[in-house]
Amino acid sequence: NELRRKADQGDAEAQCDLVQCYSVRHNVSQDYAKAAGLFRRAADQGHLDAQFCLGLAYREGNGVPQDDRDFARRYLPPCGQQEARVRAVRHRVLLSTR
């Protein structure tokens, strides 16, 4: 299908969307290892949601060996980046209302 084709071509958004299919068994067999692999491919491209979710997979041991160090390495940086983005948006909003 189109989603799988895009994911195979390296589209990070498509990889994350396909993960949802593997995680909740939407038209495919549930396969946490495939889901983690797709998250890893997207995370390696800098996709923040994929980094965050791959970190959670390591924390829970879903599709990858449970590993608190990999959890911290994958999960915490996107959280910090998201927080920085929120602060920047808040700052722009405050400046625009003055």
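It should be noted that the structure appears before, not after, this text.
What you see as residue numbers is a count from 1 along each chain, following the sequence as written. Whole-chain, interface and lining totals are the exception, using all residues; otherwise, since this is a predicted model, local features are given only for residues with pLDDT of at least 70 and side-chain atom pairs are given and counted only at 80 or more. Side-chain numbers here rest on the full set of heavy atoms in the structure, without hydrogens or water.

## Examining the overall build of the protein
To keep things clear, this is the line we draw: Starting at the N terminus, helices and strands are each numbered in turn, a helix being any DSSP run of H or I of at least four residues and a strand any DSSP run of E of at least two. Any residue under 20% of the maximum accessible area for its type is buried, any over 50% is exposed, and the rest in between are partly exposed; the area is computed with a 1.4 Å probe on protein chains only. Residue contacts follow a heavy-atom distance rule, with two residues in contact if any of their heavy atoms lie within 4.5 Å. For the accessible areas, the method is Shrake-Rupley and the probe is 1.4 Å, while residue cover comes only from the protein chains on display.
Helix and strand counts for the protein stand at five helices and zero strands. The linear arrangement of helices and strands in the protein, starting from the amino end, is α-α-α-α-α. Within the protein, the fraction of its 98 residues that count as buried is 31%. Taking the intrachain contacts of the protein between residues at least 6 apart in sequence as the baseline, contacts between residues at least 24 apart amount to 36%. For the protein, the accessible area works out to roughly 6500 Å², and carbon and sulfur atoms hold 50% of it.

## Let's talk about the environment of D44
By the secondary structure assignment, D44 is in helix α3 (residues 32-44). Considered as a pair, D44 and A12 are 32 residues apart in the sequence and their alpha carbons are 9.1 Å apart.

## A look at the pattern of salt bridges
This is how the line gets drawn: When a carboxyl oxygen of Asp or Glu is within 4 Å of a side-chain nitrogen of Lys or Arg, the pair counts as a salt bridge.
Taken as a whole and assessed by the stated rule, the structure comprises two salt bridges. The salt bridge involving E2 is made with R5; its shortest N-O contact spans 2.4 Å. Here E2 and its partner R5 are both found in helix α1 (residues 2-8), three residues apart, which amounts to about one turn of the helix. Residue R59 pairs with E60 through a salt bridge whose shortest N-O separation is 3.6 Å. Note on R59: relative accessible area 42%, which makes it partly exposed.

## Focus on the nonpolar core
To keep things clear, this is the line we draw: We call a set of buried Ala, Val, Leu, Ile, Met, Phe, Trp, Tyr and Cys residues a nonpolar core when their side-chain atoms join them within 4.5 Å.
Among the nonpolar cores identified, the biggest contains 20 residues, and L18, F39, A50 and L54 are the most heavily contacted of them. Counting residues per element, the ones that place at least two in this core are α2 (12-24), α3 and α4 (48-60). The greatest single-element share of this core, amounting to seven residues, is contributed by α2. For A50, the contacting residues outside a window of four places in its chain are C16, F39, A42 and A43.

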